[in-house]
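# Geometric and topological summary
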Amino acid sequence: MRFTEADRLLFAGDSITDSSRDRADPASLGKGYVRQIADLLGDGPAVINRGVNGNRIYDLEARWATDVLAARPTVLTVKIGINDTWRTFDRGLSSPIGKFRAAYSRLLASAREHLPAELYVVTPFLLPVEPEQQEWIGDLAPRVEAAIDVATEFGARLVRADLFMPRAAAEHGAATLAPDGVHPSPLGHRLLAEAWLSTAGSPVEEAGLP
């Protein structure tokens, strides 16, 4: 494995990262891809979950200093964006693409300025299972592009969930990977963990993934 006991891997984002973690327990990793990555890496690096259910990018930015920078990670992963689309449709909370991109840029610029961290960006994705979710695609697509552009600008490694999750959904069915189109099933989380480890250069087979 390329990580050592000196590394601190922090994952920041929304409910997909949160995955029912106990936020009263700083060591809680939830039940999703972050937990799977930690389990597969074993007794090596420290793993920290700072996902919060329901977060849009502005919520993440508001807690960035305390939840992310203060933890001093050596490896930082950001996965955010689907709620900026979802809340646009179900609550009428606007998240203009220009403001979304600017906020994302501020987050990674801050990380580059304050942390000696390797950066990862996991692109947002959607696997529509309800007819109305088809309308979300046009709003989410430019957020994916913004995440890619900002990741490129700041030299972050990209985990293209917007590509591999739809490909897997075509094979297994969208609801099999994300019953509500957004939140991954155990299989969906496994695919996220597998893709992150592959992007990080940790051999998936040696990590124990099937």
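For clarity, every value in this text was computed on a predicted model and none was experimentally measured.

Moving on, we come to the environment of Arg63. As for its placement among the helices and strands, Arg63 is situated in the loop between helix 3 (57-62) and helix 4 (64-68). Look at Arg63 and you get buried, because its relative accessible area is 11%. Separated by 13 residues in sequence, Arg63 and Arg50 place their C-alpha atoms 9.8 Å apart. Apart from the residues within four sequence positions on either side, Arg63 is in contact with Gly13, Arg50, Gly51, Val52, Asn55 and Val68. Polar contacts involving the side chain of Arg63 include one to the main-chain carbonyl oxygen of Gly13, which spans 3.0 Å.

A few words now on the pattern of salt bridges. Scanning the entire structure with this criterion turns up ten salt bridges. With a closest N to O distance of 2.9 Å, Arg101 and Asp149 form a salt bridge. Of the two residues, Arg101 is situated in helix 6 (residues 97-114) and Asp149 in helix 7 (residues 137-153); the sequence distance between them amounts to 48 residues. We classify Arg101 as partly exposed; its relative accessible area is 34%. Taking the relative accessible area as the measure of exposure, Asp149 reaches 34% and is therefore partly exposed. Arg160 is the salt-bridge partner of Asp162, the closest N and O atoms lying 2.8 Å from each other.

Looking at the chain, pLDDT values average 94 and 95% of them are 70 or higher. Below pLDDT 50 for its whole length, residues 204-210 participates in 15 contacts with residues either more than four positions away or in separate chains.

On to the packing of helix 5 (residues 82-90) against helix 7. Orientation of helix 5 relative to helix 7, taken along the N-to-C sense of each, is 155 degrees, at an axis distance of 9 Å. Regarding the angle of helix 5 to helix 7, the classification is roughly antiparallel. Of the two elements, helix 5 crosses helix 7, and the hand of that crossing is right-handed. Contacts between helix 5 and helix 7 pair Ile82, Asp84, Thr85, Thr88 and Phe89 from the former with Asp139, Leu140 and Arg143 from the latter. Its residues assigned to classes, the contact of helix 5 with helix 7 comprises three nonpolar, two polar and three charged.

Here we take up the packing of aromatic side chains. The full count for this structure, using the stated rule, is seven aromatic pairs. Each ring, one from Tyr120 and one from Trp196, has its centre 5.0 Å from the other, and the planes form 35 degrees; the classification is tilted. Of this pair, Tyr120 sits in strand 4 (residues 118-122) while Trp196 sits in helix 10 (residues 186-200), placing them 76 residues apart in sequence. Considered together, Tyr120 and Trp196 belong to a single accessibility category, that of buried residues. Put simply, the rings of Phe3, Phe11, Tyr33, Tyr120 and Trp196 pair up and form one aromatic cluster. Just above the ring of Trp86 sits the side chain of Arg87; from NZ or CZ to the centre is 5.0 Å. The ring of Phe100 carries Arg143 above its face, with NZ or CZ at 5.2 Å from the centroid.

Rules and cut-offs
Residues numbered from 1 in each chain as written. Predicted model: local features only at pLDDT ≥ 70, side-chain atom pairs only at ≥ 80, totals over all residues. Heavy atoms only, no water. Helix = DSSP H or I, 4+ residues; strand = E, 2+ residues; numbered from the N terminus. Buried < 20%, exposed > 50% of the residue type's maximum accessible area, 1.4 Å probe, protein only. Contact = heavy atoms within 4.5 Å. Polar contact = N/O pair within 3.5 Å; in protein donor to acceptor, adjacent residues only side chain to side chain. Salt bridge = Lys/Arg side-chain N within 4 Å of Asp/Glu carboxyl O. pLDDT = per-residue confidence, 0-100. Axes fitted to C-alpha atoms, helices over the stretch in contact; angles between N-to-C directions. Parallel < 35°, antiparallel > 145°, perpendicular 65-115°, else oblique. Left-handed = near helix turned anticlockwise from the far one by under 90°. Nonpolar A, V, L, I, M, F, W, Y, C, P; charged D, E, K, R; others polar. Phe/Tyr/Trp six-rings, centres within 6.5 Å; stacked < 30°, edge-to-face > 60°. Lys NZ or Arg CZ within 6 Å of the ring centre and 35° of its normal.

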